[in-house]
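# Fold and contact review
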Amino acid sequence: MSDGGTGPRTDAGTIARAHRDPGFCRFHTDHVVVLEWSAGTGWAEPSLEPYGAFTMDPAASVLHYGQSIFEGLKVFRQPDGSAALFRVGDHARRMARSAWRLAMAEMPTELFQRACAELAVADDAWIPGGPGQSLYIRPLMVANESELGLRDSARYRCMFLAYPVEPCFGRDFAPISVTTPGDLVRAVRGGTGEAKCAGNYAASLRARKEAVARGFHEVLWLDGLERRWVEELSGMNVFFVWRDASGVRLTTPECRGTIVRGITRDCLLTLARDAGIPVSQEPTSIDALVDGATSGRLVEMFACGTAAVVVPVGRVATDGHDVTVGDGREGPVTARLRDALTGIQHGVRPDRHGWLRNVRNDLASVRTGTHR
Ligand SMILES: Cc1ncc(COP(=O)(O)O)c(C=O)c1O
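Residues numbered from 1 in each chain as written. Predicted model: local features only at pLDDT ≥ 70, side-chain atom pairs only at ≥ 80, totals over all residues. Heavy atoms only, no water.

Our next topic: the site of the ligand. In the vicinity of the ligand there are 17 residues, among which Lys-196, Tyr-201, Glu-232, Thr-264 and Thr-306 approach most closely. Contacts to the ligand include Arg-94, whose side-chain N or O atom sits 2.8 Å from an oxygen atom. In the environment of the ligand, an oxygen atom lies 2.7 Å from a nitrogen or oxygen atom belonging to the backbone of Ile-263. Contact with the protein chains removes 96% of the 380 Å² of surface that the ligand exposes when unbound. Judged by the proximity of its atoms to the pocket grid, the ligand belongs to the largest pocket. (Near = heavy atom within 4 Å. Polar contact = N/O pair within 3.5 Å; in protein donor to acceptor, adjacent residues only side chain to side chain. Areas by Shrake-Rupley, 256 points an atom, 1.4 Å probe, with all protein chains shown as cover. 1 Å grid on protein atoms, 1.4 Å probe; cavity = no way out; pocket = protein on both sides within 12 Å on 5 of 7 lines; lining within 4 Å. Sits in = over half its atoms within 2 Å of the grid points.)

Okay, here's the thing in structure tokens:
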């Protein structure tokens, strides 16, 4: 690993200010880990470099054909002062699946984990330790071949960026409001909906812009064929809490290629089962959502993702309806699951599922080749 860690470092006062009020990705750290891939030679060694702009040829294939994928994962300060990556192997495998879908180079899990650990160690001073805070790592890979022609690129550049953050909707987890997107759709089966590719987010921005102009926080996407089945938000999965005579039940839409397989979603399914809450991955129509909110059977709804953590959804507007979920405030199941998740992330609850990886141990083991 070439070490560009000797570049100018941010002064302690600025880092302290970033820790006091990080917002979401307002402050980048001092470094970036860069990995280049080219056909024939494969992946080069990761290189730790000072954060900064880089040059790109206007013919670079990402600019024309859109081969661009990314991930988002977090490093948490632990009670003993160490730092731990959360479910880094799962993020690495999802990035490789996104790469496969866009015919890009798939990065081996060990290399991805090593890049994250190198960055977290180099920028350790940036990892905040306040409640709800973390270091957000954004791995980004773009096609970088400088020659026009509609084919998969022969060169890729992967960059790992980092930012001290708080949950993207704020630290108080106030309920958000969502609206369906009219005629627009985000994904169809067989398309790229499951991949974390830039094009999915570009395709979501028109609806989001209009939703925000109407006073909503986010778009609630429906399936692309019938525009009937609830899928996800533009950057989060959704869950429903239903109540009937036998108690409460948690549901979330199935992953059938049109939604991102959220790692937070997977954690919450696991934690709900651990807590004895019945869970099911099943389709929910927008009509059932509206009926449930109106009749009181749908008692809670929440959205989840690495950036937002777990945030209640208090209001849902559709073509023709505008309903409040429960009493519009956060419900007990939402709060309980978020507490269970964040307790593990911050090291104050036992990590029974092995989701945390100490960054220094991780680095030592990948460097000596003893990595699992
Ligand atoms: C479209 C979309 N859905 C769901 C998620 C939630 O995924 P995760 O919990 O792995 O962050 C994300 C965020 O990555 C996303 O962009």
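What follows picks up the thread again.
Quick look at the pattern of salt bridges now. Applying the stated criterion across every chain, the model contains 23 salt bridges. Arg-171 is the partner of Glu-166 in a salt bridge, and the nearest nitrogen-oxygen pair spans 3.0 Å. With relative accessibility at 7%, the residue Glu-166 sits in the buried group. Here the residues in one salt-bridge network are Arg-87, Asp-90, Arg-93 and Asp-266, joined through shared partners. (Salt bridge = Lys/Arg side-chain N within 4 Å of Asp/Glu carboxyl O. Buried < 20%, exposed > 50% of the residue type's maximum accessible area, 1.4 Å probe, protein only.)

Moving on to the packing of helix α3 (residues 88-101) against helix α4 (residues 109-122). Axis separation between α3 and α4 bottoms out at 9 Å; the angle between their running directions is 125°. Here α3 lies oblique to α4, going by the angle between them. Crossing angle aside, the handedness with which α3 passes α4 is right-handed. Only Thr-109, Phe-112, Gln-113 and Cys-116 of α4 make contact with α3, whose side of the interface consists of Val-88, Gly-89, His-91, Ala-92, Arg-93 and Met-95. Tallied by class, residues from the contact of α3 with α4 come to five nonpolar, four polar and one charged. (Axes fitted to C-alpha atoms, helices over the stretch in contact; angles between N-to-C directions. Helix = DSSP H or I, 4+ residues; strand = E, 2+ residues; numbered from the N terminus. Parallel < 35°, antiparallel > 145°, perpendicular 65-115°, else oblique. Left-handed = near helix turned anticlockwise from the far one by under 90°. Contact = heavy atoms within 4.5 Å. Nonpolar A, V, L, I, M, F, W, Y, C, P; charged D, E, K, R; others polar.)

For Ser-47, the position within the fold is in strand β4 (residues 47-50). Within the structure, Ser-47 has its side chain in polar contact with the side chain of Glu-49 (distance 2.8 Å).

Below, the discussion takes up a nonpolar patch on the surface. Side chains of Tyr-65, Leu-148 and Leu-150 sit close together on the surface and give an oily, nonpolar patch of about 350 Å² of accessible area. For Leu-150, a relative accessible area of 75% translates into the label exposed. (Patch = residues over 30% accessible without salt bridge, like charges linked within 9 Å, V, L, I, M, F, W, Y side chains within 5 Å.)

Here we take up unusual backbone geometry. One non-glycine residue, Arg-227, lies in positive phi territory at about 50°. Its identity as a non-glycine residue notwithstanding, Val-309 has a phi of 70°, on the positive side. Looking at where Val-309 falls in the secondary structure, it is placed in strand β17 (residues 309-318). For Val-309, a relative accessible area of 7% translates into the label buried.

Turning to the packing of helix α6 (residues 263-274) against helix α8 (residues 332-345), a few remarks are in order. At a minimum axis distance of 10 Å, the contact between α6 and α8 shows a crossing angle of 110°. Accordingly, the angle class assigned to the pair α6 and α8 is roughly perpendicular. For the pair α6 and α8, the contacting residues are Thr-264, Cys-267, Leu-268, Leu-271 and Ala-272 in the first and Leu-337, Ala-340, Leu-341 and Ile-344 in the second. For the contact of α6 with α8, the per-class residue count stands at eight nonpolar, one polar and no charged.

Where empty space is left can be seen by rolling a probe of water-molecule size over the atoms. If you walk through the whole model with that rule in mind, you get three cavities of 30 Å³ or more. Counting residues per element, the ones that place at least two in the lining of the largest cavity are β6 (73-77), α6 and α8. Among the residues forming the lining of the largest cavity, the class breakdown is seven nonpolar, five polar and one charged. Here the lining of the largest cavity spans two domains, since at least three of its residues come from each of domain 1 (2-167 + 350-368) and domain 2 (176-329). Looking at the second largest cavity, its volume works out to about 80 Å³. Taken together, the residues of the lining of the second largest cavity sort by class into five nonpolar, one polar and four charged. (Points joined across faces, edges and corners; volume = space filled by probe spheres on them. Domains from an automatic or database assignment.)

So, about the layout of surface pockets. Taken as a whole, the largest pocket encloses approximately 710 Å³ of empty space. In this structure, the largest pocket is lined by 31 residues; those nearest its centre are Tyr-201, Ser-234, Gly-235, Met-236 and Ala-307. Going through the elements one at a time, β8 (134-143), α5 (198-213), β12 (230-233), α6 and β16 (298-305) are the ones with two or more residues in the lining of the largest pocket. When residues of the lining of the largest pocket are assigned to their parent elements, the largest contribution, five residues, is made by α5. Considering only residue class, the lining of the largest pocket consists of 15 nonpolar, nine polar and seven charged. Mapped onto the domain boundaries, the lining of the largest pocket takes at least three residues apiece from domain 1 (2-167 + 350-368) and domain 2 (176-329).

A few words now on the pairing of strand β13 (residues 237-244). The buried fraction of β13 is high, at six of eight residues. Sheet topology note: the β13/β16 ladder contains six bridges and is antiparallel. Note that in β16 the partner of Asn-237 across the bridge is Cys-304. Bridge count between β13 and strand β14 (residues 247-252): five bridges; the pairing is antiparallel. Across the sheet, Arg-243 pairs through a bridge with Val-248, a residue of β14. What sits between the antiparallel neighbours β13 and β14 is a turn of two residues. (Pairing = 2+ DSSP bridges.)

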